[in-house]
Amino acid sequence: MSTYQGNEPSQIVYTATAQVTGGRNGHAVSHEPELEFDLDTPVAMGGKGQGTNPEQLFAIGWGACFQGALALAAKEQRVAATKLAKSQVRASISLGPEGESFGLKGKIEVVLPDLDDEAAAKLVERTQELCPYSKATAGNVPTEVVVVKSLD
């Protein structure tokens, strides 16, 4: 068994724990608050697509975390919170063959309609440095982070 020896949080303030049975075609349960759902392989990978899959959960978590870190970066850069009121984040996680198994690729698209291009780029760059998911994937998951005008 190996343990990563990188930077650790100075204090743990929350731990989420989930119990999964059956893998991609199984069932997942988490607590505090109660969260329970069936898992299913996506249709594109030969599954029925009748449940949630790990990539969806990763994308949701990363997107929410990134938008939270966006607010932290804005505060740090003295960008008014009102400038983030219309912000949107879309996180995409792709899965594909990589050597003998599979690998991930990520994309974060950020809409900041109330900021000019330079300020938006600077804010998103700093957000990438602050977001725990982004830090966890850095150097491990090829990721594209872009500022876009809309998510259409």
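Computed from a predicted model, the values in this text were never measured in an experiment.

Reading guide: rules and limits
- Every chain is numbered on its own, with residues counted from 1 as its sequence reads.
- Where local features are concerned, this predicted model is filtered to residues with pLDDT of at least 70; where side-chain atom pairs are given and counted, the filter is 80 or more; whole-chain, interface and lining totals use all residues.
- Side-chain numbers here rest on the full set of heavy atoms in the structure, without hydrogens or water.
- Throughout this description, the term salt bridge denotes a Lys or Arg side-chain nitrogen within 4 Å of a carboxyl oxygen of Asp or Glu.
- Secondary structure elements follow DSSP: runs of H or I of four or more residues count as helices, runs of E of two or more count as strands, with numbering from the N terminus.
- For every residue, the accessible area (1.4 Å probe, protein chains only) is compared with the maximum for its type, and the residue is labelled buried under 20%, exposed over 50%, or partly exposed between those bounds.
- Marked domain ranges trace back to an automatic or database domain assignment.
- Only heavy atoms enter the contact rule, under which two residues are in contact if any of them lie within 4.5 Å.
- By convention, the term buried area covers the 1.4 Å-probe accessible surface removed from two parts as they join, with the contributions of both added.
- Residue polarity is assigned by list, with Asp, Glu, Lys and Arg as charged and Ala, Val, Leu, Ile, Met, Phe, Trp, Tyr, Cys and Pro as nonpolar; anything else, Gly included, falls into the polar class.

Observations concerning the pattern of salt bridges
- In total, this model carries five salt bridges according to the counting rule given.
- Measuring nitrogen to oxygen at the nearest pair gives 2.5 Å for the salt bridge that ties Arg-126 to Glu-76. Here Glu-76 lies in helix α1 (residues 54-76) and Arg-126 lies in helix α2 (residues 117-130), a separation of 50 residues in the sequence.
- Look at Arg-126 and you get partly exposed, because its relative accessible area is 25%.
- Across the pair Lys-149 and Asp-117 runs a salt bridge, and its minimum N-O distance is 2.8 Å.

Some thoughts on the domain arrangement of the protein chain
- We note that the domain assignment places domain 1 (1-51) and domain 2 (52-146) within the protein chain.
- Computed from C-alpha atoms alone, the centre-to-centre distance between domain 1 and domain 2 is 20 Å.
- At the junction of the two partners, domain 1 supplies eight residues and domain 2 supplies seven residues.
- Summing the contributions of domain 1 and of domain 2, the shared interface buries around 570 Å²; its carbon and sulfur component is 58%.
- Joining domain 1 to domain 2, the criterion identifies one salt bridge.
- Glu-55 is the partner of Arg-24 in a salt bridge, and the nearest nitrogen-oxygen pair spans 2.6 Å.
- When grouped by side-chain class, the residues that make up the side of domain 1 that touches domain 2 number four nonpolar, one polar and three charged.

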